[in-house]
Amino acid sequence: SVEEKEDLAVSSGSGSGGINTHMALQRVSSSSSQSAQMSYADVSRGIQRIFKELQHELSIHELEAIFEKRFGTSVMQAAGITLSDYLKRKPHVFHYDEAREVAYLQCSILVGPPIADPNLPKDESFVINEFEKLIEEFGPVCYVSALCGKFIQRNGVSVTSITSVRPLELFKRNPDRFIVVGGGNVSLARFKDELAVRTALAQTTGKAQRAARARADARLPVPDVLTEQDVLDEFKRLILQDGGEEVYISSLCGRFLQRFRQPVTNIISSRPADFLRKHNDVFELTGGGNVKLRHTGVHIDPTAGLPHSSSAPLEVGVDARPAKSSADRTQPSPQGFVLAADPGLLQETEAEVASGSAEEALMPPAYKEFDDCLCKELLEEMSPPDYRDALKKRATELSRLLLERSFLTIEDTVVGGTVGKGLATRGGNDEAEIVLLVDQLPEVDKDTWLPHIMETLMAVLEMTMGGHAHGFHMSDGPVAKLVLRAEHSGRVLDLPVSIIVAPALGPREALFQRLRTSKADKFFVAPALARDAVELVVRQPPNVLAAMRLLHWWVTRHAWPSPCMRPPGYLLELLVIHAALVERTNPTTGRAPPTHSPQLHVDDTLGIAELVEGAFDLIARLPELRICWEGSGVALFPASEICESIQSETPLVVDPVNPCINVASRAVFDSSLFTSRAHRRDDWLAPFCADLDDETQGRQSPPGAIGQAFQ
């Protein structure tokens, strides 16, 4: 790349905040990086870099001018919202004084060693050097999750996206530089003789004890309704369980989630740190994201039995404390909290320890970074290709047999739903939608003849399928529904199937015309566009499809009070596609072409985690969202052809294959709960960091059973 220097002078007179600024910014960068395509996440990194280089606060106007000059685009174009709204959405990163209209970085991001040269290659050596600097600055003992969070804040990229291994593994394979002291903490090998490190090692329990503690916690009663007092009591219990010393706040939140199966923020309606500050008569924040109890009344000698450096070296992973008797382990503290597990629970098989399952079970969700590595692990567990293929094969087989043997004049069939689009997730609420495109259907009195046709079709299916399907019934639409038996890895899975009849009307233009002219026909004719809708999804790049699967799976991890509050699958898919759109640039100049409206395209290089985060940001602002797909090439029609009947609706997410359908219409979907669950990152992130449920159980079934039933 060609290096170039750029002087940027920005001056402004005194404004409402009384700021008078004249600054010159000298920087060296590659020409390609200056015009890089900006994604939603890139905006945060870009703003952070500006502040770190200038080292003082800026007015909104100044920041906007610098951003546009430096990156060749505006925050509105890159993120879809104004700069001030963007800053408000990231209070953990930026401090925004709305009254003065000035912004700066939060102090927690400014502290620490100098920022590394952005031109250095981001490889494993870079990560190790960064970790060493951070531990030197904030150590000698640091919580791994805190280090990873600080790394992302400083460098705009996660550790695992560079190393492709978990941070703990990185530390373990570099024992000459790091020492893992247990409890999710790490230090530098050269600090092994310092008191804080020796104290941490003294408090570290073995895997068997940690597994026993987790099992004991699981047996504790859980209140039907959780209150702030329950949170306070649980935090006190967990701190005492760890010996009454400092505990990382993120660890408390993760262990709370493991026991109660919901994040702390669902109960306290504030940040955990703010909750702890509110109860400063009980808790004391000690800095670095740690907390301890005030006056617990429990005396613990953290170095009791710990070998000194002069007599014996410290060994990583060894429980250096003397064994306690069962009576010692079960003694309650003065507050009545049990400090350790029942001795009967301290037995663990050698295989469990060797496999590391106990270690994983006890790993607080906050430790697991939400990045592409975690996303891929989840996808391997809950949406393996052979599972998706097995379900799609069964649905396709049924579709083909309907085409060949039905009494209807079927011109074509389309297999849709999560199964037909290749988005099925194990243990989720997957469904196959089979649309029968029937020729020469009458155009009048469909309310009279259509139910009769569907009932006849359902009766024929029930007789021919025998025991290989069940749950035959009719629903509104009318739609024929049944549950098909599908086999995967020797298990029989129940696959819900919906069968819909739609007219085969020929060219797409004829369909659009009929949709615009006959409002009553909208829901009868719309399924005729099913193939376009399916192809819109399946042609997306792998990163977009992966993010769609994760969102579908996320929906299954929540309870929805009513069907109208459950997010439509198609809406999830469209939000991910919109999150993947970036501004199209000229391959020669690297800049966007000079057009009135930006030209967008789906970026196949965005990370899966980045797409998921972008989709949840769209969900959080769904009530005021308007997506018409202008300049994206996603829709099959120009924005001018969107039906007037939906143009005034809010929210508005136009179906890219049907100009008369609002996929987010309030008439069919109440988004209030969906939106509220996306507002807080901890809330929507919790299911991704919790343990996966087991896949659906079932009985074995002979292969080819569906085909045999029809024959």
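This one's a predicted model, so the numbers in the text were calculated from it and none came from an experiment.

Definitions and cut-offs
- Residues numbered from 1 in each chain as written.
- Predicted model: local features only at pLDDT ≥ 70, side-chain atom pairs only at ≥ 80, totals over all residues.
- Heavy atoms only, no water.
- Helix = DSSP H or I, 4+ residues; strand = E, 2+ residues; numbered from the N terminus.
- Contact = heavy atoms within 4.5 Å.
- Areas by Shrake-Rupley, 256 points an atom, 1.4 Å probe, with all protein chains shown as cover.
- Buried < 20%, exposed > 50% of the residue type's maximum accessible area, 1.4 Å probe, protein only.
- Arc of directions from axis to C-beta.
- Patch = residues over 30% accessible without salt bridge, like charges linked within 9 Å, V, L, I, M, F, W, Y side chains within 5 Å.
- Salt bridge = Lys/Arg side-chain N within 4 Å of Asp/Glu carboxyl O.
- Axes fitted to C-alpha atoms, helices over the stretch in contact; angles between N-to-C directions.
- Parallel < 35°, antiparallel > 145°, perpendicular 65-115°, else oblique.
- Left-handed = near helix turned anticlockwise from the far one by under 90°.
- Nonpolar A, V, L, I, M, F, W, Y, C, P; charged D, E, K, R; others polar.
- Pairing = 2+ DSSP bridges.
- pLDDT = per-residue confidence, 0-100.
- Expected span 1.5 Å × (residues − 1).
- Disulfide = S-S within 2.5 Å.
- Core = buried A, V, L, I, M, F, W, Y, C linked by side-chain atoms within 4.5 Å.

Looking only at helices and strands, the protein has 33 helices and 21 strands in total. Pairs at least 24 residues apart make up 66% of the contacts formed inside the protein by residues separated by at least 6 positions. For the protein, the exposed surface amounts to about 33300 Å²; the carbon and sulfur share of it is 50%.

Along an α-helix, residues three or four positions apart point the same way, because every turn accommodates 3.6 residues. Taken together, the buried positions of helix H24 (residues 508-517) are occupied by Leu511, Phe512, Arg514 and Leu515. Around the axis of H24, the buried residues are gathered within 165 degrees of arc, so they sit on the same side. Summarising the geometry of H24, the exposed residues directed more than 90 degrees from the buried face are Glu509 and Thr517.

Together, Phe407, Val460 and Met463 give the surface a local cluster of nonpolar side chains, amounting to about 320 Å² of exposed area. For Phe407, the position within the fold is in the loop between helix H21 (385-405) and strand E12 (410-416). Residue Phe407 is classed as partly exposed on the basis of its relative accessible area of 45%.

Next up on the list: the packing of helix H28 (residues 569-579) against helix H29 (residues 608-620). Interhelical geometry of H28 versus H29 gives an angle of 115 degrees and a closest axis separation of 8 Å. Between H28 and H29, the angle is such that the two are roughly perpendicular. In terms of crossing hand, the pair formed by H28 and H29 is right-handed. Across the interface between the two elements, Leu575, Val576, His578 and Ala579 from H28 touch Leu611, Gly614, Ala615, Leu618 and Ile619 from H29. Per-class residue counts for the contact of H28 with H29 are seven nonpolar, two polar and no charged.

Our next topic: the sheet that holds strand E4 (residues 94-97). An order of E3-E5-E4 is seen for the three strands of this open sheet, with the pairing classed as antiparallel. Strands with a single pairing partner mark the edges of an open sheet, and in this sheet they are strand E3 (58-59) and E4. As judged from the two bridges shared by E3 and strand E5 (residues 102-105), these two strands associate in the antiparallel manner. Bridge pairing links Leu58 to Ala103 in E5.

Time to look at the pairing of strand E8 (residues 185-188). Bridging between strand E6 (residues 142-143) and E8 involves two bridges; their strand directions are antiparallel. Counterpart to Cys142 in the pairing with E8 is Val186. With four bridges joining them, strand E7 (residues 178-182) and E8 adopt antiparallel strand pairing. Within E8, the position partnered with Gly182 by the bridge is Asn185.

Moving on, we get to the confidence of the model for the protein. Per-residue pLDDT for the protein averages 74, and the proportion of residues at 70 or more is 72%. Of all secondary-structure elements in the protein, the lowest mean pLDDT belongs to strand E1 (residues 3-12), at 33, while strand E20 (residues 652-655) reaches the highest, 96. Segment residues 585-596: pLDDT under 50, and twelve contacts once partners within four positions in sequence are set aside and those in other chains are kept. Low pLDDT (under 50) marks residues 691-711, which in the prediction has 46 contacts with non-local residues, meaning those over four places away or in another chain.

A word on helix H23 (residues 446-465). If you check H23, its first and last C-alpha atoms are 27 Å apart, about what 20 residues at 1.5 Å a residue would give, namely 28 Å. Looking one or two places after H23, you find Gly466, whose phi comes out positive at around 60 degrees.

As a further point, take the state of the cysteines. Counting across every chain of the model gives one disulfide. In this model, Cys643 is linked to Cys660 through a disulfide, with the two sulfur atoms separated by 1.9 Å. In this pair, Cys643 sits in the loop between strand E19 (626-627) and helix H30 (644-647) while Cys660 sits in strand E21 (residues 658-662), placing the two residues 17 residues apart along the sequence. Summarising the burial analysis for this pair, Cys643 and Cys660 share the class buried.

Here we come to the packing of helix H27 (residues 542-556) against H29. Packing of H27 against H29 leaves a shortest axis separation of 9 Å and a crossing angle of 55 degrees. Comparing their axes, H29 and H27 come out oblique. Between H27 and H29 lies a crossing of right-handed hand. Contacts from Asn543, Val544, Ala546, Ala547, Leu550, Leu551 and Trp554 of H27 reach H29 at Ile608, Leu611, Val612, Ala615, Phe616 and Ile619. Split by residue class, the contact of H27 with H29 holds twelve nonpolar, one polar and no charged.

With antiparallel pairing, three strands are arranged side by side in an open sheet as E6-E8-E7. Each end of this open sheet is capped by a strand with a single partner; those strands are E6 and E7. Contacts from helix H7 (residues 124-138) reach E6, E7 and E8 within the one sheet, and its direction differs from that of E8 by about 95 degrees.

So, about the side chain of Thr418. Looking at the secondary structure, you find Thr418 in helix H22 (residues 417-420). You can call Thr418 buried: its relative accessible area is 11%. Among all residues touching Thr418, those that are not within four sequence positions of it are Leu423, Ala424, Asp430, Glu431 and His552.

Right, let's get into the nonpolar core. Grouped together as the largest cluster of nonpolar side chains are 115 residues, with contacts concentrated most on Leu436 and Phe688. Looking at which element gives the most residues to this core, the answer is H27, with ten residues. When residues no more than four places from it in sequence are discounted, the contact partners of Phe688 are Phe370, Leu374, Leu378, Leu550, Trp553, Trp554, Val612 and Phe616. Val127, Leu134, Leu147 and Phe171 belong to the second largest nonpolar core, which has 26 residues in total.

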